[in-house]
Structures are given as structure tokens and as C-alpha cells.
Amino acid sequence: MTAPAGAPAASTATEKGVLTCVFAVCEAAQLAELGPCTGYDGGSAPYRLALAGGPDGRVLHALAQDVPASAFCEQALRDRLADPADLAAVARTHHAMVTAAAAAGPAVPLPLGTLFTDRTRATQQLSAQAAQFRSVLDRLRDRTEWAVKVYVNRTAHGPAGELTVPSAPPRKSTIPPPGAGRAYLDRIRARRQDQESRQEAALAETTRVDEAIKSLADGAVRRRPHAARADGRVQVLNGAYLVDTRRTGAFHELVAALQASADAVEIEVSGPWVPYSFAAVDAG
Amino acid sequence: MNPDRAVRRADLDPSPWAAPETASLADVLERVLDKGIVIAGDVKIDLLDIELLTIRLRLFISSVETARKAGINWWETDPALSSSAARHEAEKRELLERVAELEQRVARSEGEGPDEAPARSTARRTS
């Protein structure tokens, strides 16, 4: 390996007030250039930790950074992750580092906030899992993750699909005209039936979308759909698919075809992502 | 390694990934935190889930030795860690189930009101 030695001397490792934060594990040659990634504010320059090699000679490295314990200890993290702005910043930094580690080949993203008391401990702990990391790297090699989100199409059935608030129940002082109550109930029933049939159509199309993409993918994960948004958009599928890079073109064609033929649903795609959703390392 | 890919990666497309800074925050969060949080609207954090997340994070903040020296190795011996997490989950599930049940009841009474009270609707019709 011609890659320069990654980790500086571990002199700072035991310094008080510093924790070692690890972002991802990948093969050694990949971390030669980290680009513009600087990691967390207030932390050291990102560096590489060489993990203890296995018998097959493939040296693994972890992308790491020393971070101030004052900002990353349990209580500080608890406070920061409960603050939406801080949470967003922390998550985006982690994501940028993971993406940088995967720039030239597969990488295993580690959970946000994977912290160790020092570099030695980080190296020990991660080296102990080297075999699992290797098998995950092999599984993710030349594959990317695509996010596919499917929403109920609210305009599929024209104005009939519009949900209008039923007229307010009659005030106590006003006697409703005969049949008003029945009409009110009929309206509610019609609205419910309309809603149900749209929901059924959307679910059927969603199944079709999921099955079609699955048939092309090497893996699929259905995440919990997002809660209904303020604008009333209902998500029915929050999927992640592992796609071989040689099939990326076919994936896009398939999605375009599904989008063109979808009536009851709207399909949104994002990616390619580092395969976060397919990188689980079995507890070892 | 496929040579085409190496060329593409090295010369044409230095990073094969979508630019991290343009990714939607919801997408980033659900990947980075996995099942840790609930996203509604742009970002709204389910506090119960954040609690679970930070409990998990504790395990990673391995001040393990420090904590052991201080005798604070409660996570090894005390099942409260996992049981409180499980309890939160169970409580949440129970609440969600109750909400669903109530919604169904409301829907039923709205949709089938007249059928459930035939006497009254008959009376109305004949009046």
C-alpha cells in the first residue's frame, strides 16, 4: 500500500477532553484524499485509523476525528440532538464524512455519534469487527442505495377527490330542514368511500412499484413512512433499494415508466446514497 | 475492479454520490439515525424516540473504562436501560393503538350512525 500512514501519533489520544469519533470503515486506499471534508466544528483534522489486518491482507481503515468531549459527551449530545438545528448540523456532517469515505469504493457507515475514549480503544474495538466489516464491504461493493418515496396522488380523481370540510352541524337554535341530517351523513359516507377507494388504488399501485423495483434491486428495505405532513400529503411507501451500479440506467428507466403509468400515486426518487440501509453489521 | 468504473471515478466523476449538501434533511436523518426519529413535516423530532436514540448513544460513548472505575457500569448489570426503552416503545404502541381504535369508533359512528340507531332514524323519517 502506498497510502500515507493515517493516524498521527496517539499523543493526543489520552488527552483530557478529547473523544475519538469514527464515521466509516473502508479499504485503505480510499482515504488518500478526503477532499474538503473537515468534520465537526472544533474537532481535529480528520484522519485515518488503520485497523488490525486480517489474514487476507486487505487493510481496513476507519475515517475518524478527535472531537471535544465538552460537545460530544452524553449530556451535550443529548441536548444537541434534541435541538433541531444542531441535530441537522451533526447529521449533515456525519453524512458528508461517510460520503467522503465512500468516494472511491465501498464504505461501511457507522452510526452517528460512534465515539470512543481514545484512538487506541477505537482501533481495538473496530479491529475486533474487521471480519464483519469486510463482508459488508463486499456486499456493498459497486452498489448504491436509492430512496423511493410514494405518496397518494390527491388529484387523481379530480374535484371529487377534494376533501371539503362538511358543513357545521346545525346550531341549537336552528331547526334543520327535514332530511338535512341524512344528507349530512350521506356526504360523509360518500367522502369516506371516495377516500377509501383512492387509498386502495394507491396501495395497489404502491405494491406494484415496490415489486417492480425489487425485481431489479439486490436488496430492499421498507422504512417507516413519514407522518402526514402539514399539507396533507400522505406517504404510503418509504423504500430504500440497493442497486448494482451497472443497473443504474435500468433503474432510472423503470422509475420513469412507473411514474408515467402511475395514476393513484406520485413517485419520488433520491440518490444515489451510500448504502446506509444495507450496511448493518451484526453485533459482534 | 472494473477499469471503466475506475476511470469514471478518478477523472470524470470524483464522487459517485449525490452531493451531500443538497440531500434532503429528512432523507439524511432517517439514514444517519436509522430508526431513531420520526419525521413529520420538514423535521419534527419525536421526543420518545430521541430518548431512545440517546440511550443508544450512551453505549457508544465508551467512557466505559472511566465509568467502570467510578463504578458506574449500570448498563451491564441493570436491565433498566433496555426495559425503560422497551417500556417507552410499549407505551407508545399502546397509545397508537388506542388512537387507531378511537378513530375507528368515530368513523363508525359517523358512517353508520343511522343504522346503529334504526329506531331514531325511522322515527325521523316518519315524522
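Cut-off values and rules
Residues numbered from 1 in each chain as written. Chains lettered and ligands numbered in written order. Predicted model: local features only at pLDDT ≥ 70, side-chain atom pairs only at ≥ 80, totals over all residues. Helix = DSSP H or I, 4+ residues; strand = E, 2+ residues; numbered from the N terminus. Buried ≥ 20, exposed ≤ 12 C-beta atoms within 10 Å, placed from the backbone. Pairing = 2+ DSSP bridges. Axes fitted to C-alpha atoms, helices over the stretch in contact; angles between N-to-C directions.

Caption draft 1: Molecular detail of the overall build of chain B. Looking only at helices and strands, chain B has eight helices and zero strands in total. Here chain B holds 127 residues, and 15% of them are scored as buried.

Caption draft 2: Local environment of the sheet that holds strand S4 (residues 107-116) of chain A. Residues and elements named next belong to chain A. Taking strand neighbours across the sheet as the criterion, the four strands line up as S2-S3-S1-S4 in an open arrangement whose pairing is antiparallel. The open sheet terminates on both sides in strands that have one partner only, identified here as strand S2 (47-50) and S4. Each adjacent strand pair in this sheet contributes to an overall mean axis angle of 30 degrees, direction not counted. In the sheet, strand S1 (residues 18-27) pairs with S4 via six bridges, with the strands oriented antiparallel.

Caption draft 3: Highlighting the pairing of strand S3 (residues 60-68) of chain A. All names here are of chain A. Judged by how many residues are buried, S3 sits mostly within the fold: eight of nine residues are covered. Pairing of S1 with S3 involves nine bridges; the strand directions are antiparallel. The residue of S3 that forms the bridge with Ala-24 is Leu-63. Where S2 and S3 come together, four bridges link them in antiparallel fashion. Each bridged residue has a counterpart across the sheet, and for Tyr-47 the counterpart in S3 is Ala-64.

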